[in-house]
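The chain contents come next:
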Amino acid sequence: MEKQEAAQRLTEVMTKFTGYVGKHLPTDVQAKLKELSAREDKPLAKVVYQSMHDNQEAAARLNRPSCQDIGVIQYFITCGAKFPFIGELEGVLREATLRATREAPLRHNAVETFTEKNTGTNTGSRIPWMDWDIVPDSDECSIDVYMAGGGCSLPGAAKVLMPGQGYEGVNQFVFDVITSYGINACPPLLVGIGVSTSVETAARLSKKALFREVSSSNPHPDAAKMEKLLEDGLNKVGIGPQGLGGKASVMGVNIESSARHPSTIGVAVSTGCWAHRRGNIRFKSDLSYEIISHKGAAL
Ligand code: SF4
């Protein structure tokens, strides 16, 4: 396939997929909200979950975003070095953002720093944000679309702990962040935690943790145990849906980590709200694709 034709096809698909992600929650998030709603016995919590459900149905029926804040659009790209259109992707994703903003439509959320002007296009300096992982021997490409809303970005924090603070220090940091600011992010939250050397490596991993399914576990047994302990502990705080009290504060806690410097523990928290709009699409080299995040989705 010629590069120009491929770029057109990719732009077409990514425009539609970006708009789709703004209007439909991923399958795992929908299932988790249903599960948490069934577990509640407080009338107010049940009403809030019902309104979330009704909101989702209305968004699909009216073909409108499921929350007015569709966030700053971010693409996390995991691309094979042999994917034939790797050089086209940056332009494709920028154009897809412009077109999805007009066609979906999506609210304008890109304000240029220092000039303090909304660009009106959801594009701007380094926006849409693109994060790249290159996979050496692959000719496929996986793209996560994420809509980073204001409320759900607000609790984000990172810090480098002294080594002696240990995993207890990580635990305390997460609790401090969620109990201080979590309520701003429209709970129940998906809490992404990065544990690494420095603030930027931990922060990147904490965001990547938000792309794992809400009920998934870290493959390392101790990390999985920590996820479960944090989830149970945060749920005991009883923040509940929209912070109005209830059995669950969180949809889940996902930890991602790297090897780190022996003298530091970098820790970061990123949060996803109940309307956790992320989507994953995977392209083969012939540009056939599969939507992984939304079962049965058709563009
Ligand atoms: S936190 Fe999420 S649900 Fe709440 S306003 Fe922001 S994007 Fe919407």
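Since this is a predicted model, take the numbers as computed values, not measurements.

### Considering the sheet that holds strand 6 (residues 157–161)
So, step 1. Taken together, the four strands give an open sheet; going across it, the order is 6-9-7-8, and neighbouring strands pair in mixed fashion. Strands with a single pairing partner mark the edges of an open sheet, and in this sheet they are strand 6 and strand 8 (250–257). Across the sheet, the axes of successive neighbouring strands diverge by a mean angle of 15 degrees, strand direction being ignored.

### Some points on the packing of aromatic side chains
So, step 1. In this structure the tally under the stated criterion is four aromatic pairs.
So, step 2. Residues Phe83 and Phe85 carry aromatic rings whose centres are separated by 5.9 Å and whose planes lie at 90 degrees to one another, so their mutual orientation is edge-to-face.
So, step 3. By relative accessible area, Phe85 is classed as buried at 3%.
So, step 4. Ring centres of Phe283 and Tyr289 lie 5.8 Å apart, and the angle between their planes is 55 degrees; this geometry places the pair in the tilted category.

### Re the domain arrangement of the protein
So, step 1. Considered domain by domain, the protein is made up of domain 1 (3–24 + 66–149 + 277–291) and domain 2 (151–272).
So, step 2. Between the C-alpha centres of domain 1 and domain 2 there is a distance of 26 Å.
So, step 3. The interface of domain 1 with domain 2 comprises eleven residues on the first partner and 14 residues on the second.
So, step 4. The contact between domain 1 and domain 2 buries some 940 Å² in all, and 45% of this surface belongs to carbon and sulfur atoms.
So, step 5. The tally of links from domain 1 across to domain 2 stands at three salt bridges.

Basis of the calculations
- Residues numbered from 1 in each chain as written.
- Predicted model: local features only at pLDDT ≥ 70, side-chain atom pairs only at ≥ 80, totals over all residues.
- Heavy atoms only, no water.
- Pairing = 2+ DSSP bridges.
- Helix = DSSP H or I, 4+ residues; strand = E, 2+ residues; numbered from the N terminus.
- Axes fitted to C-alpha atoms, helices over the stretch in contact; angles between N-to-C directions.
- Phe/Tyr/Trp six-rings, centres within 6.5 Å; stacked < 30°, edge-to-face > 60°.
- Buried < 20%, exposed > 50% of the residue type's maximum accessible area, 1.4 Å probe, protein only.
- Domains from an automatic or database assignment.
- Contact = heavy atoms within 4.5 Å.
- Buried area = accessible area lost by both parts, 1.4 Å probe.
- Salt bridge = Lys/Arg side-chain N within 4 Å of Asp/Glu carboxyl O.

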